[in-house]
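# Notes for the structure review
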Amino acid sequence: MKIRDNVDRFIKENKIDQNWLLYILFIPVFIYYLIFSYIPMYGATLAFKEFHVGKGILGSPWIGFDKFRLLFSLEYFWTVFKNTIIISFGRILFEFPIPILLAIMLSELNSDRYAKTLQTIYTFPHFLSWVIVGGIVKNFLRSDGFVNNVLVYAFNIEPIPFLSSPDRFRLLLYATSVWKSAGWSSIIYLAAITGIDEQLYEAATIDGANRMQKIIYVTMPGIATTIAFMLILKLSNIMNAGFSQIFNMTNPIVNEKIDIIDTYIYDITFKKVPDYSFSTAVGLFKSVINVAMLILADKVIKKLGGKGIYS
Amino acid sequence: MKSKKKHRQLTIFDIINGILLTIFGLIIILPFYNAVMISFMTEAEYVQHKFALFPKEPTLSAYKSIFETGSLRNAYKSTLTIVVVGLIYSMTLTTLGAFVLSREGLWGKKFMLHFVIVPMYFSGGMIPFYLLIKNLNLIDTLWSVILPAGISTFYMLLMRNFFESIPKSLEESAKLDGASEIRLLIHITLPLSMPIIATIVLFTTVELWNEWYRAMLFLNKSSLHPLQLVLKNKLESVNININTQALEGIVVYSEGVKMAQVVVTMVPIMLLYPFLQKYYVKGIMVGAVKG
């Protein structure tokens, strides 16, 4: 009966008998993650198997790294990979600074009420899907859309083919993303600015600092940590270049310039004869880099004194 | 925002700052305004118009045409089902998870935490997920959209942080009175957590309303398509028609109809926006800047 005693003691010591209800309450949560997160994680082994529809993931035979070899030998895969990285960095370069600028400008506004009103307007598009925003933007920028009509009839300029110039389409992605999300992203910086000690501004005033100097020497250092954290988060997310937006804005003329890993996976799986193993391999390749980046970012943030990304 | 800057004299800096911010505001509003106006234009006027700020003869014909086909009613039905059922399901799961993970001295809690956090770092990808839904026989049912949306780990941890901030003394006195964990959750924790619950309810509602991706992957029957997917398909009709319209007789929707569809998909979010606005700062603050 020794085992029994040990088990009893274990249960008593860890209060499992008192907390049994909590464990039962957790079961649905456990099952949810098991089914919708962990089974697909296991399913990623498909990247190393040759998928047979009849046999399922479990029964399909192992083939090792064949699909990855195939993947790495495809020229178009590297195009897509490059696009993903370029667009992600482009977003950091063009999209990342705008919310910071917006927050500083809003906080410098004389009327708090006007600042609030503007903020209300800026934040709204964040709550719409890219389906809606894509639809509105595509209409707005058509060759006979609002912008081009203004250019042609008010300024007598040739219409600009916004939606069909491959070289400029990435810029259009950044611009529309700023339109949709800059207001939302600025909230976090606004909050950081609000948290700056008022006395610092007063001291700067006494020292004779003007508005610009106060922004540079008080506001900027005050939100530097927030900026650093947000930048690390963005960098760690480099493999996600914005599927929803690109998927809803792309067209055949510009697609090669903005086709990213996620859109590529969708296309090869659902528009052509699917090779599930190959598609899984592409996804796994992306996931692995993604995890590495996230773990790295988590480490860096903890080093900088934060609590880590997700805890 | 800062209080001392009132009664300050307007400088050039202020004026330029104000003008730039106002311009950005107008840039946000203009495309919406334009879309709404086009939805009220006749097809003839749209084709000829330069940049009319108002339709000359406002018409409801675009709206009539989308309301006449049954698709809009079906779409609303799908979307509302997804939102209502999805919200109840997801709030239940999220609350349970957050509550359990917020309890102190629970054996195995560290494992549970890791169990929910690991999926934030690593996912199996689109194909294994697709095959899972297929194997569960959920294709062409709304469950394929609802069931995977059970928990956003981020929101769950947000809620857990809030639960943890509730003073322990309240819980202890309830426990002394012999209240079970479930009664504790219902009578103490939840009533004290209304701000965070409201925030997450609103955000989840928006996300469920905006759902199109899973619907696109898993719902082949067009009678099940939610609003967003119906809109997406209508918007894309133009890409197809360039080459194949004449051949296959695909319906090409006019810009008026497309924009009317945008409006009917967007209006509920606009109605929800005042409430969202009340809570979004809280939502983003509790979670995002903990560093």
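Residues numbered from 1 in each chain as written. Chains lettered and ligands numbered in written order. Predicted model: local features only at pLDDT ≥ 70, side-chain atom pairs only at ≥ 80, totals over all residues.

## A word on the overall build of chain B
Helix and strand counts for chain B come out as 14 helices and zero strands. Its helices and strands taken in sequence order, chain B reads α-α-α-α-α-α-α-α-α-α-α-α-α-α from the N to the C terminus. Partitioning the contacts of chain B with sequence separation of at least 6, the portion at a separation of at least 24 is 73%. (Helix = DSSP H or I, 4+ residues; strand = E, 2+ residues; numbered from the N terminus. Contact = placed C-beta atoms within 7 Å.)

## A closer look at the overall build of chain A
Along chain A, the regular secondary structure elements total 16 helices and zero strands. Taken against the 2.2 N^0.38 rule, which gives 19 Å for 311 residues, the C-alpha radius of gyration of chain A at 26 Å runs more than 25% over that of a compact globule. For chain A, the C-alpha atoms occupy an extent of roughly 80 × 55 × 30 Å along the three principal directions. When the 311 residues of chain A are sorted by exposure, 36% land in the buried category. (Rg over C-alpha atoms; globule rule 2.2 N^0.38 Å. Buried ≥ 20, exposed ≤ 12 C-beta atoms within 10 Å, placed from the backbone.)

## Some thoughts on unusual backbone geometry
One non-glycine residue, lysine 15 of chain A, lies in the positive phi region at around 55°. Its location among the elements puts lysine 15 of chain A in the loop between α1 (2-13) and α2 (20-43). Classification of lysine 15 of chain A as partly exposed rests on a count of 13 C-beta atoms within 10 Å. Phi is positive for asparagine 137 of chain B, close to 60°, though the residue is something other than glycine.

## As for the interface of chain B and chain A
Listed per partner, the contact involves 82 residues of chain B and 76 residues of chain A. Looking at the side of chain B that touches chain A, the elements with two or more residues in it are α1 (12-39), α4 (71-102), α5 (109-121), α6 (126-135), α10 (181-192), α13 (227-248) and α14 (255-288) of chain B.

## Topic: helix α8 (residues 153-164) of chain B
Side chains that are three or four residues apart share a direction in an α-helix, a result of its 3.6 residues per turn. In this model α8 of chain B runs 16 Å from its N-terminal to its C-terminal C-alpha over 12 residues, within 8% of the 16 Å that 1.5 Å per residue would give. Taken together, the buried positions of α8 of chain B are occupied by Tyr155, Met156, Leu157, Leu158, Met159, Arg160, Phe162 and Phe163 of chain B. (Expected span 1.5 Å × (residues − 1).)

## What about the nonpolar core?
Nonpolar side chains tend to gather and get buried jointly when the protein is soluble and globular. Among the nonpolar cores identified, the biggest contains 131 residues, and Ile132, Ile136, Tyr189, Ile260 and Ile261 of chain A together with Met159 and Val262 of chain B are the most heavily contacted of them. Element by element, the count of residues in this core is highest for helix α10 (residues 166-194) of chain A, at 12 residues. Look past the residues within four positions of methionine 159 of chain B in its chain and what remains in contact with it is Thr94, Thr95, Ala98, Ile196 and Ile200 of chain B. (Core = buried A, V, L, I, M, F, W, Y, C linked by C-beta atoms within 7 Å.)

## As for the domain arrangement of chain A
Each assigned domain of chain A is listed here: domain 1 (1-39) and domain 2 (72-303). A straight line from the C-alpha centre of domain 1 of chain A to that of domain 2 of chain A covers 44 Å. (Domains from an automatic or database assignment.)

## With respect to the domain arrangement of chain B
Residue and element names in this part refer to chain B. In terms of domains, chain B is made up of domain 1 (12-59) and domain 2 (65-288). Averaged C-alpha coordinates put domain 1 and domain 2 at centres separated by 32 Å. Across the contact, seven residues belong to domain 1 and seven residues belong to domain 2. Per-element accounting of the side of domain 1 that touches domain 2 gives the leading share, four residues, to α1. Looking at the side of domain 1 that touches domain 2 residue by residue, the classes come out as five nonpolar, one polar and one charged. (Nonpolar A, V, L, I, M, F, W, Y, C, P; charged D, E, K, R; others polar.)

## Things to note about the packing of α4 of chain B against helix α11 (residues 194-209) of chain B
Residue and element names in this part refer to chain B. One can describe the packing of α4 onto α11 by two numbers: an axis separation of 9 Å at closest approach and a directional angle of 140°. Taken together, the axis directions place α4 and α11 in an arrangement best described as oblique. By crossing handedness, the relation of α4 to α11 is classed as right-handed. Residues Thr79, Ile82, Val83, Gly86, Leu87, Ser90, Met91 and Thr94 of α4 form the contact with α11, whose own contacting residues are Ile200, Val201, Thr204, Thr205, Leu208 and Trp209. Here the residues of the contact of α4 with α11 are counted per class, giving eight nonpolar, six polar and no charged. (Axes fitted to C-alpha atoms, helices over the stretch in contact; angles between N-to-C directions. Parallel < 35°, antiparallel > 145°, perpendicular 65-115°, else oblique. Left-handed = near helix turned anticlockwise from the far one by under 90°.)

## Considering the environment of isoleucine 16 of chain A
The topology assignment puts isoleucine 16 of chain A in the loop between α1 and α2. For isoleucine 16 of chain A, a count of 16 C-beta atoms within 10 Å puts it in the partly exposed group. Sequence-distant contacts of isoleucine 16 of chain A, defined by excluding residues within four places in its chain, comprise Ile11 of chain A together with Trp107 of chain B.

## Regarding the packing of helix α6 (residues 97-108) of chain A against α1 of chain B
With their axes 10 Å apart at the nearest point, α6 of chain A and α1 of chain B run at an angle of 125° to one another. Considering the angle they form, α6 of chain A stands oblique to α1 of chain B. The two elements α6 of chain A and α1 of chain B cross, and the hand of that crossing is left-handed. Residues Met105, Leu106 and Glu108 of chain A of α6 of chain A lie in contact with α1 of chain B, whose contacting residues are Asn17, Leu20 and Leu21 of chain B. Along the lines of polarity and charge, the residues of the contact of α6 of chain A with α1 of chain B split into four nonpolar, one polar and one charged.

## Section: the environment of methionine 270 of chain B
Residue and element names in this part refer to chain B. Assignment of secondary structure puts methionine 270 in helix α14. The class of methionine 270 is partly exposed, set by 13 C-beta atoms lying within 10 Å. Remark: the alpha-carbon pair of methionine 270 and phenylalanine 111, spanning 159 residues in sequence, is separated by 41 Å.

## Let's talk about the confidence of the model for chain B
Residues and elements named next belong to chain B. Summarising the model, chain B shows a mean pLDDT of 86, and 87% of its residues fall at 70 or more. When the criterion is pLDDT under 50, residues 239-249 qualifies, and its contacts beyond four places in sequence or with other chains add up to seven contacts. Below a pLDDT of 50 lies the segment residues 287-291, which in the model reaches 12 contacts outside its immediate sequence neighbourhood of four places, other chains included. On the interface metric, ipTM, the complex scores 0.90, and its pTM is 0.91. (pLDDT = per-residue confidence, 0-100.)

## Quick notes on the environment of glycine 150 of chain B
With respect to the helices and strands, the residue glycine 150 of chain B is situated in the loop between α7 (143-146) and α8. In this structure glycine 150 of chain B touches Tyr32 and Phe36 of chain A together with Tyr89, Ser90 and Leu93 of chain B, once residues within four positions along its chain are discounted.

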